[in-house]
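Overview (structure and organization)
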Amino acid sequence: MARGRRAVGAVELVVMCVVSVALTIGSLLHKLQCAGPGLGLADVTRRACLGDTLSLWGLRDLDSHVFPYVGALRGDPPLPPGTLEYPTLTGLWAWLSALPVGSLPGFLVVTAITFVPVVVVVTVMLAKIAGRRAWIFAATPPLFLYALYNWDLLTVLCTVAALFAAVRWPSGRAPLWRAVVVGALFGLGGAFKLYPVAFVAPFALAFLVDAGLAWSDRVRRAAGAVGGAVAVLLAANLPFALVAPASWFSVIRFQGTRDIDASTLSVWFWGLQPWSATTDPAVQHRLNLLATGATALTVLTVLVVGLVLGVRRGRMPWIETSAALLCAYLVSNKVDSLQYILWLTPFFVVVRVRLGWVIAYTAANLLLFAGWFRSVFLHAVGTTGRTYADEALSIGLWGQIILLPILAFVFLKSRAVDQDEQEPVPDQTARLEAGRASAV
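Residues numbered from 1 in each chain as written. Predicted model: local features only at pLDDT ≥ 70, side-chain atom pairs only at ≥ 80, totals over all residues. Heavy atoms only, no water.

1. Considering the state of the cysteines
Under the definition given, this model contains one disulfide. For C34, the disulfide goes to C49, at an S-S distance of 1.5 Å. Classification of the bridge connecting C34 and C49 rests on its S-S torsion, roughly 45°, and on that basis the disulfide is right-handed. One end of the pair, C34, is in the loop between helix 1 (10–32) and helix 2 (41–46); the other, C49, is in the loop between helix 2 and helix 3 (52–59), with 15 residues separating them in the sequence. (Disulfide = S-S within 2.5 Å. Helix = DSSP H or I, 4+ residues; strand = E, 2+ residues; numbered from the N terminus.)

What follows is the structure in structure tokens.
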């Protein structure tokens, strides 16, 4: 058994999958509380069951079954009918999930049914990579709270599949194809939600700094990883961009011009008040520029640190760097939604961080979840002044903001589970052959 990994037996793996499915079904039941007719903001926030799968059913015309990303622009901000403010594959998944039904409860049920195999596959792959650490994904509050919050589980699936392909690639199979497949899976994740594309950079750099490979092999594999990601992104986006470029680009414009307000739960609103608490276009433009610049800078900084570590060690810790990069993105980006903890959970599994860090971040997120919904409810029913819910919101929010840069450092200082298996770069056979040749 590999160092640092506790293997999962068949019975335990089945139990793990059953628990993850039960939490997903629990998430569905939680959301169904808010799927009845005539419920207002106070009702859905009191039950804390609001989410995109619930609100976008009518708001984005999913109920009318309009094919997304190609229609004429309308609304404010302008989006085509049937189009979510997400990349194309998420919109297509939601559209397909809505086709068989004519009601919001039906849509939630179909979405949950499609997510059941998703959580099972994610759980199994994480267990194969990290053994019992997979319980961190399968049996913790984020899966219950956010499985049906929106469609982020699809992106998590692609990210975990890429990690699985990198770690568990069959021996004897061409290493070049491993690079292409992993890159393509990260690209597939980016076609659901953009952030996994960033992981291609540390993955590709890991090949370039591997001193055990000939330079031509390094370049070929790095190019294969990047090419796989680009190919999938083009396949998912180019048809829409060619057929209806303005409609396709409206999603990018929507995210780029989105106001930074209380709902974004980011440091840019909560840390810059009262200046940030305005809808003035000039102020919002400056806030967007600040957030974009800071995000680019922090992500680049983490990438450089990971590269320096890789050069010093002769092996770039690309999984650890990807986890740290994600932390940097979350703390500096204009939006840090509640469910983004689902993005981090697989890295809590595959990188050997102490359980205390996982508990601390999960606790901050739970406090933020409870404080946010309760605060909105209390103000919706006419409560004035600062409440206990606002205090909980602030503690949870600043807990996450403080923990994320610390976690970035912790990830970079830690080691991925099954270190020998997880390296996508070193070709052990080539190294042995080179050693034999030099001995002769």
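2. Observations concerning empty space enclosed by the protein
Taken as a whole, this structure holds one cavity of 30 Å³ or more when the rule is applied. Taken as a whole, the largest cavity spans an internal volume of roughly 30 Å³. Taken together, I136, T140, P142, I341, T345, F348, V358 and T362 make up the full set of residues lining the largest cavity. The set of elements that each furnish at least two residues to the lining of the largest cavity consists of helix 16 (341–350) and helix 17 (355–380). If you tally residues by element for the lining of the largest cavity, the top one is helix 16, at three residues. Within the lining of the largest cavity, the residues separate by chemical class into five nonpolar, three polar and no charged. (1 Å grid on protein atoms, 1.4 Å probe; cavity = no way out; pocket = protein on both sides within 12 Å on 5 of 7 lines; lining within 4 Å. Points joined across faces, edges and corners; volume = space filled by probe spheres on them. Nonpolar A, V, L, I, M, F, W, Y, C, P; charged D, E, K, R; others polar.)

3. A few points about the packing of helix 3 against helix 5 (residues 104–130)
Each packed pair of helices is defined by two parameters, the angle between the axes and the distance between the axes. The geometry of helix 3 relative to helix 5 is characterised by a closest axis approach of 10 Å and an angle of 130° between their N-to-C directions. With respect to helix 5, the axis of helix 3 lies oblique. When the axes of helix 3 and helix 5 are compared, the crossing they make is right-handed. Across from T53, L54 and W57 in helix 3, the residues of helix 5 making contact are L104, F107 and L108. (Axes fitted to C-alpha atoms, helices over the stretch in contact; angles between N-to-C directions. Parallel < 35°, antiparallel > 145°, perpendicular 65-115°, else oblique. Left-handed = near helix turned anticlockwise from the far one by under 90°. Contact = heavy atoms within 4.5 Å.)

4. Some remarks on the packing of aromatic side chains
Enumeration according to the criterion identifies 21 aromatic pairs in this entry. Residues Y146 and F369 carry aromatic rings whose centres are separated by 5.9 Å and whose planes lie at 75° to one another, so their mutual orientation is edge-to-face. Within this pair, whereas Y146 is found in helix 7 (residues 141–146), its partner F369 is found in helix 17, the two being separated by 223 residues in sequence. When sorted by exposure, Y146 lands in the same class as F369, which is buried. Pairing Y195 with F199 gives two aromatic rings, centres 5.9 Å apart and planes at 80°, and the pair type is edge-to-face. By the burial criterion, Y195 is buried, and F199 matches it. (Phe/Tyr/Trp six-rings, centres within 6.5 Å; stacked < 30°, edge-to-face > 60°. Buried < 20%, exposed > 50% of the residue type's maximum accessible area, 1.4 Å probe, protein only.)

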